[in-house]
Amino acid sequence: MTAPSATAPLHADAFEVLSSWRAPDADQERLRREFLAHLAEHPADGMWRECAEAHITASTAVLDASRSRVLLTLHSKIKAWLQLGGHCEPGDATLAGAALREATEESGIPGLRPLPGPVQLDRHRVRCHPRGTWHLDVQYVVIAPGGARPVVSDESDDLAWFPVDDLPADSDDALRRLVGRAIGG
């Protein structure tokens, strides 16, 4: 697949990241190809919330310095514990940068250290548009500095550290897979 002409550096970065990323299994490879097809079909708006069909998002598993706990947000709209992340913004130059920006904004923790490359892709239905849409989520990992204390943002009802092997009971499989991949399991 050749890269489409993009209207923004972020689109080109997303295409490059997804083109070079090695999927860890067949399901992830299927999603990688789906995300690339989306970018090829939507060179002008595929990164943005305004793309009603679907749009690329970036999220992050925030691990503590010991990598034994993960920071989750009790999302104010969804009312579930999730990883941090969300929509790309026009000022974002890279997907990794968008993921880091979101994690920093939503956690209030300065000095988060990103690990290289995405660890997982996830496609999930959301209500960004009246009829619903799909988030094509590129998921990263960042490490918080020792002693980091999160600060709840307007997007969260709460933030909490959870042991990586004891996530909230109602956590979905996508979050469990992300945390497993984040700790290398």
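Here the structure is shown first, and the text comes after it.
Below is a summary of the structure that appears in this document. Since the structure is predicted, the reported quantities are computational estimates derived from the model, not experimental observations.

### Remarks on the overall build of the protein
Item 1. Looking only at helices and strands, one finds four helices and eight strands in the protein.
Item 2. Seen in sequence order, the protein has helices and strands lined up from the N terminus as α-α-β-β-β-β-α-β-β-β-β-α.
Item 3. By principal-axis analysis of the C-alpha atoms, the protein measures approximately 45 × 35 × 30 Å.
Item 4. Residue burial in the protein is summarised as follows: out of 185 residues, 49% are buried.
Item 5. If you sum the accessible surface of the protein, you get close to 9100 Å²; carbon and sulfur atoms cover 52% of it.

### Description of the nonpolar core
Item 1. Judged by nonpolar contacts, the single largest core of 24 residues is most densely connected at F35, M47, I56, L95 and V138.
Item 2. Of all the elements in the fold, those that place two or more residues in this core are α1 (9-20), α2 (26-41), β1 (54-63), α3 (95-107) and β7 (133-143).
Item 3. With five residues, α1 is the single largest residue contributor to this core.
Item 4. Those residues in contact with F35 that sit more than four places away from it in its chain are L18, I56, L121, D122, R123, L136, D137 and V138.
Item 5. In this structure, V70, V141, I143 and L178 belong to the second largest nonpolar core, which totals 15 residues.

### Regarding α2
Item 1. With 16 residues, α2 extends 23 Å between its outermost C-alpha atoms, agreeing within 8% with the 22 Å of an ideal straight helix rising 1.5 Å per residue.
Item 2. Looking only at α2, the buried set comprises Q28, L31, R32, F35, L36, H38 and L39. Buried positions in α2, seen along its axis, are confined to an arc of 155° and lie on one side of it. Along α2, exposed side chains directed more than 90 degrees from the buried face belong to A26, D27, R33 and E41.
Item 3. Against the buried residues of α2 lie α1, β1, β6 (120-126), β7 and α4 (173-182).

### So, the side chain of H87
Item 1. Examined against the element boundaries, H87 turns out to sit in strand β4 (residues 84-87).
Item 2. In terms of polar contacts, H87 uses its side chain to reach the side chain of H55, at 3.1 Å.

### Regarding the side chain of H135
Item 1. Within the secondary structure layout, H135 lies in strand β7.
Item 2. A residue is classified by how much of its surface remains accessible, and H135, at 10% relative accessible area, is buried.
Item 3. Once residues lying within four places of it in the same chain are set aside, the contact partners of H135 are H55, T57, H87, D122, R123, H124, V126 and C128.

### So, unusual backbone geometry
Item 1. One non-glycine residue, R67, adopts positive backbone phi at about 60°.
Item 2. Here R67 is to be found in the loop between β1 and β2 (69-75).

### Side note on the environment of I109
Item 1. Along the chain, I109 falls in the loop between α3 and β5 (113-114).
Item 2. Each C-alpha atom of the pair I109 and A144 lies 7.4 Å from the other, and the pair is 35 residues apart in sequence.
Item 3. Look past the residues within four positions of I109 in its chain and what remains in contact with it is L71, T104, P145, A148, R149, P150 and W161.

### Overview of the environment of G111
Item 1. Considering the arrangement of structural elements, one finds G111 in the loop between α3 and β5.
Item 2. A residue is classified by how much of its surface remains accessible, and G111, at 60% relative accessible area, is exposed.
Item 3. Ignoring sequence-local partners within four residues, the contact set of G111 consists of I143 and P145.

Each value, and the rule that gives it
- Residues numbered from 1 in each chain as written.
- Predicted model: local features only at pLDDT ≥ 70, side-chain atom pairs only at ≥ 80, totals over all residues.
- Heavy atoms only, no water.
- Helix = DSSP H or I, 4+ residues; strand = E, 2+ residues; numbered from the N terminus.
- Buried < 20%, exposed > 50% of the residue type's maximum accessible area, 1.4 Å probe, protein only.
- Areas by Shrake-Rupley, 256 points an atom, 1.4 Å probe, with all protein chains shown as cover.
- Core = buried A, V, L, I, M, F, W, Y, C linked by side-chain atoms within 4.5 Å.
- Contact = heavy atoms within 4.5 Å.
- Expected span 1.5 Å × (residues − 1).
- Arc of directions from axis to C-beta.
- Polar contact = N/O pair within 3.5 Å; in protein donor to acceptor, adjacent residues only side chain to side chain.

By themselves, these observations are geometric and do not establish any function.
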